[in-house]
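Read off the chains here:
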Amino acid sequence: MTAVSDRRQLAYIASQAADARVNVELETEGMTLNIGPQHPATHGTLRIVARLDGEQVVSADPICGYMHRGYEKLTEVRSFPQVTTLVNRIDWLGSFANEVPFILAAEKLMGIEAPPRAQYIRTILFELSRIANVSLFLGDMGVQLGALTAVFYAFRDREYVLNQIEAATGGRFHPNFDRIGGLKDDLPKGWIAETRACMDKMRTFCDLMEDLLVGNEIFAERTRGIGVIPRDVALSYGLSGANLRASGVDFDLRRDQRLPMAWDKAEWKVWTHPDGDSFARYWVRLQEVRESTRIVDQLLDSLPSGPVMAKVPRIIKVPEGEAWVSTENPLGEMGYYVVSKGDTGPFRVKIRSASFNNIAVASWVLKGTFVPDVITILASLYFILGDIDR
Amino acid sequence: MPKVPGLLKGLGVTFAAIVQTTKPKRLGGGAATVQYPHVKEAPPTRARGVIALREENCTVCMLCARSCPDWCIYIEGHKEKAPPRRAGGKPRTVSALDRFDIDYALCMYCGICVEVCPFDALFWSPEYEYSEPHIADLLHDKSKLGLWMETVPEAPELEVGADKKKK
Amino acid sequence: MTTLAVVIPYWGQSILRSLGVAAAVLLPAGTAVYVYLFKMVSFMQSRLGPMEAGPYGSMQLFAEVGKFLQKEDLIPRGADRRIFKLAPIVVVATVFLVYVPIPFGPFAVFGSYDTGIFLALAVSSISVLGILMAGWSSANKYSLMGGLRAAGQLLAYELPMVLAVVGVVIQAGTLNLQGIVAAQHSEKIFGWGGIGYPYVVTQFVGLAVFLIAAQAELTQTPFDMPIAESELVAGYMTEYSGFRFLLFFIGEFAAAGAFAALASTLFLGGWALPWVSLSNHWMNVVGPLVLFTKMMLVMFVIFWVRFTYPRLREDQLQRFAWKVLIPITLANIVVTAVVKVVF
């Protein structure tokens, strides 16, 4: 784990200066390039208006909203189980993780806690959705850089995780499994052994990605020293998740917050990297997938028995009040501010999604970079459009 | 001057993948592809494929239609007079189901209707091959939903440690 | 002129030559597309590739050609029509020309020139013009960027390619490709003539640099900045569809075949088999097959590297060409010349 070498930084600055010299000598007009909204590299319909001078970016403004589905308005006229279903679709790759903070906020308002078995299974499914989400990132970063094979391995090995989620919940992408007071159902027979085998396969996948990409010198050339976000800038822009940890900030809501979930029942480590460049963000996420597999293994070993649903009435009316719960989702910190007026549905829900804040740093970090680096940096920040636009 | 070993290891990974895919099946090789429609994978028991209706259990309480986030269930019913349970009692009113349609073009496959039904009239089935060339054919009526009942599997056994009590 | 049982008039020979070039170009291109692009990359990615069109998907290429042929001929409104239409023709024509000096057998060569390798390399660099024409005339900012990147990259990598070949030329003593094949066939390694003397034994540096430069000339990963799929959609080819795109496609794979053929001829011994005499008339039939096999091996390496590595950024590409490859090839030339004179 080395810091970015000065020589590499000097080389990058030299090439930027060389490009700028050419632009001045040729006295060309700048070019405005619209990257997106239809583009293979932006993970969805994101538009970046980049003003270019040669191959160098003078300014870049991210424009989102092409995928706005009006979530917060939709939640005003739906009941809590219906909102749970909708909320799955915000970050569609790690979808169980979207339900959890919402349900926890509702449970906070009701003043109940799910039974221990439900808490453990919730945490296990949460970590499984993290593995599914971030393993796709590990392959996707390869594709953005040109290594086409990496993403196929990611999809192939991610299938095992999705099969496990489907076996338990019935849905691969949209589990809709969390309920106020616990879970919808218990696990089917044989699930624990299969999930353990699946975690072994995911660890093999992480080793594969390490051999294929992390150790690759071309990958290192393309990502080391690119898109450095210093610690204070990261904190001031409100980055969260692996982006923040890759800039050297030791902050993880799973450890730093007491929630009725089972993270404190397992021994695990928070990974940080001091560099803050694109390589650091990739590396931190790779280690996080490995760490998640270890968390799942430990929780499976110590899974308590008992009911998965607390005693709740059939028609749940959540008492009046306001509650805020945020969790360490695969993309960063995701939180729900739920305002209830005593109905079967929320009065107002404010969704704080991680990618919306993560993409805000794009205008700062993309200044002065080359066009290929724009792609690398956006890929390493890892946002999902559904998460930005809601 | 880039060092070589990492580059060679990457080549080794992809070459190993070629070997793994071209190895015959009996040696543990093969691609990750399942050649649908020649070979079909069986979805897990709980997979949410299609909703089946057991008409005799339905009392037209409308709970499912009301709780659907998409409002894709269309129910019509009427009240009928049925003979009294015991001789000499009042005639009962029972609800009869006229129309029960689920529009699978709108359905989100969330399962709230199945969960909320108090009379166990709706079930999940893992069947998924019912796509149609015309979108209007995705409105499954009462009889078609009854046919799906044949494909509903038994609920899977639960893991160790689960509460044996069923709701 | 070879003596056959039948006397074929000159126009007949020209027609045979044209058909021969078409076959020589399209057969390796088509086979490479099927074996490497459809099947090998699929196996690398744990999937099966096309399986439905024909047995094991062997007819997929014909299906794709048919699909391209029936597409609408789109030309963007602001595009320079004449240059837009000319660009793919320039690229494909130059690739055909590269095959002309390559010998396929003792007499199976389209044109035997004393400056064979020089002609091949010179002609292959005309395709840069075609790519620039395509990028500029497309009236699309992405295509323009792809074309500009291609211009810089392809010019930069011409030099290492030429310099890598100079080592072979010094060893063989001739620029004539037929002569280079003969030299590899007849010479002996330390007195043992078992496998002849393929120049890969001493010119391994040259072969490595030639393959790297060929990878860059074909704009394949890790040097595919001009096409950079995830950034520029398809670079200079973005606005092309239908038959015009098919021409670019054929040009790309035919060029891969051309460079593989050159590499096989220069470094691996070409069409000759060491234990068969050079003037054996049967080599006119077996020679192309031998050369084809060697081309397939070289193309395997080219495509293997293509689908494994991420791509280098433009300035990193240029730095690699100018600061790393050219000094290596210059040193190779010096060493070769010294060894040739001393020993």
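Summary of the structure given here. All of these numbers come straight from a predicted model, not from anything done at the bench. (Residues numbered from 1 in each chain as written. Chains lettered and ligands numbered in written order. Predicted model: local features only at pLDDT ≥ 70, side-chain atom pairs only at ≥ 80, totals over all residues.)

## Re the packing of helix α3 (residues 81-98) of chain C against helix α5 (residues 127-137) of chain C
All names here are of chain C. Where α3 contacts α5, the axes come no closer than 8 Å and their chain directions differ by 160°. In terms of orientation, α3 and α5 fall into the roughly antiparallel class. For the element pair α3 and α5, the recorded crossing hand is left-handed. For the pair α3 and α5, the contacting residues are Ile83, Phe84, Leu86, Ala87, Pro88, Val90, Val91, Thr94 and Val95 in the first and Ser127, Leu129, Gly130, Ile131, Met133, Ala134 and Ser137 in the second. Of the residues belonging to the contact of α3 with α5, the class tally is twelve nonpolar, four polar and no charged. (Axes fitted to C-alpha atoms, helices over the stretch in contact; angles between N-to-C directions. Helix = DSSP H or I, 4+ residues; strand = E, 2+ residues; numbered from the N terminus. Parallel < 35°, antiparallel > 145°, perpendicular 65-115°, else oblique. Left-handed = near helix turned anticlockwise from the far one by under 90°. Contact = placed C-beta atoms within 7 Å. Nonpolar A, V, L, I, M, F, W, Y, C, P; charged D, E, K, R; others polar.)

## As for the sheet that holds strand β5 (residues 139-140) of chain B
All names here are of chain B. Strand order in the open sheet formed by three strands is β2-β3-β5, and the pairing between neighbours is antiparallel. For this open sheet the edge positions go to β2 (73-82) and β5, each flanked by a neighbour on one side alone. Of the pairings in the sheet, the one linking strand β3 (residues 92-103) to β5 comprises two bridges and is antiparallel in character. Across the sheet, Ile102 pairs through a bridge with His140, a residue of β5. (Pairing = 2+ DSSP bridges.)

## Things to note about the nonpolar core
The biggest cluster of nonpolar side chains holds 220 residues, and the ones touching the most others in it are Val374 of chain A together with Phe210, Ala213 and Ala263 of chain C. Listed in part, the 20 residues of the second largest apolar core include Val50, Cys113, Ala121 and Trp124 of chain B. (Core = buried A, V, L, I, M, F, W, Y, C linked by C-beta atoms within 7 Å. Buried ≥ 20, exposed ≤ 12 C-beta atoms within 10 Å, placed from the backbone.)

## A look at the pairing of strand β1 (residues 50-53) of chain B
Residue and element names in this part refer to chain B. Across the two faces of β1 the burial is the same, with Val50 and Ala52 and Ile51 and Leu53 all buried. Pairing geometry for β1 and strand β4 (residues 122-125), over four bridges, is antiparallel. Each residue of the ladder has a partner; that of Ile51, found in β4, is Trp124.

## A few points about the interface of chain C and chain B
Counting residues at the interface gives 13 residues for chain C, matched by twelve residues for chain B. For the side of chain C that touches chain B, the per-class residue count stands at nine nonpolar, three polar and one charged.

## Topic: the sheet that holds strand β7 (residues 332-340) of chain A
All names here are of chain A. Spatial strand order, β6-β7-β8: three strands in an open sheet with antiparallel pairing. Strands with a single pairing partner mark the edges of an open sheet, and in this sheet they are β6 (321-329) and β8 (348-352). Each strand axis lies, on average, 10° off the axis of its neighbour in the sheet, ignoring direction. Sitting on the sheet, helix α4 (residues 96-110) is in contact with β6 and β7, with an inclination near 150° to β6.

## A look at helix α7 (residues 191-214) of chain A
Between its terminal C-alpha atoms α7 of chain A stretches 32 Å, which fits the 34 Å expected from 24 residues at 1.5 Å a residue. Considered for burial, the residues of α7 of chain A that qualify are Trp191, Thr195, Cys198, Met199, Met202, Phe205, Cys206, Met209, Leu212 and Leu213 of chain A. Where the residues of α7 of chain A are buried, they touch α5 (116-145), α6 (149-169), α8 (217-223) and α12 (278-301) of chain A together with α1 (5-22) of chain B. (Expected span 1.5 Å × (residues − 1).)

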